[in-house]
Amino acid sequence: MQKKNLFVSHKASRAIPFASTLTKDFLVQATLDGDIRRIEYQSGSVIIDDGIAPVEGIVVERFDGRYAVDLVHTRPANGSAVEALTQLAFARGCHGIIEVNAADVHAEPRCSAARDVWSHHAVRVHADDRAEIREALEMGGPVGLAQLIGSVTTRGDARAVVFALACEGAVEFDLHNGITDDLIVRSGRTGSTAGLRAFGA
């Protein structure tokens, strides 16, 4: 059995197990995706061909509903994986299934940008720095990354502070075009976070 690691996101109520870098990249991007409000790990048992089969999957709650995620390149080798996920999605009240392949997850410059931002997820943000960034966005509204960094005074590196805040959902931005000086940074939504449009949107 392949060893699984745990991914922790402020959008998830519990740690999410993952066994591949593809799944981790997806979870990172979903966490930094302003259109995804919650990420859930679901598991259970379903009946397939008169037998009971275990099933697990990731469910995302977007602005337009709940969807089970079919990570195509991480499917089990047996052909019943899609049927099992479909049953799980139905049982968990999902509106449908979003199919995501490796090309979607590894699309550049978004993938590298998300990894760069997420590399700051463990950075400790001083309360004064947090307040400084939040006040700047509340007073001035959405603003370019370079302009925001140039307008604040922080104890830590301002860029690292912004990225760390994005990892916890305090700020958000769209990483489809990568990290640039004119990347628009805006205040995050409670229970949501930063960065990319939802897969399948």
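Located above this text is the structure these notes cover.
Note that the structure is predicted; figures quoted are calculated from it, not measured.

Re the overall build of the protein chain
When you go through the protein chain residue by residue, the secondary structure sums to seven helices and nine strands. The long-range share in the protein chain, meaning contacts at least 24 apart out of those at least 6 apart in sequence, stands at 62%.

Examining the packing of aromatic side chains
Inspection of the entire model under this criterion finds two aromatic pairs. With centroids separated by 6.2 Å and ring planes inclined at 75°, the aromatic side chains of Phe 163 and Phe 173 adopt a geometry described as edge-to-face. Taken together, the residues span a long stretch of sequence, with Phe 163 in helix 7 (residues 158-167) and Phe 173 in the loop between strand 8 (171-172) and strand 9 (184-187) at a distance of 10 residues. The buried category is assigned to Phe 173, whose relative accessible area is 1%. If you follow Arg 62 out to its NZ or CZ, it ends over the ring of Tyr 67, 4.8 Å from the centre.

A few points about the packing of helix 4 (residues 110-118) against helix 7
Relative to each other, helix 4 and helix 7 sit at 100°, their axes nearing to 8 Å. The pairing of helix 4 with helix 7 is recorded here as roughly perpendicular in orientation. Residue-level contacts link Asp 116, Val 117 and Trp 118 of helix 4 to Arg 159, Phe 163, Ala 166 and Cys 167 of helix 7. Residue composition of the contact of helix 4 with helix 7, grouped by class: five nonpolar, no polar and two charged.

Reading the values: rules and limits
Residues numbered from 1 in each chain as written. Predicted model: local features only at pLDDT ≥ 70, side-chain atom pairs only at ≥ 80, totals over all residues. Heavy atoms only, no water. Helix = DSSP H or I, 4+ residues; strand = E, 2+ residues; numbered from the N terminus. Contact = heavy atoms within 4.5 Å. Phe/Tyr/Trp six-rings, centres within 6.5 Å; stacked < 30°, edge-to-face > 60°. Buried < 20%, exposed > 50% of the residue type's maximum accessible area, 1.4 Å probe, protein only. Lys NZ or Arg CZ within 6 Å of the ring centre and 35° of its normal. Axes fitted to C-alpha atoms, helices over the stretch in contact; angles between N-to-C directions. Parallel < 35°, antiparallel > 145°, perpendicular 65-115°, else oblique. Nonpolar A, V, L, I, M, F, W, Y, C, P; charged D, E, K, R; others polar.

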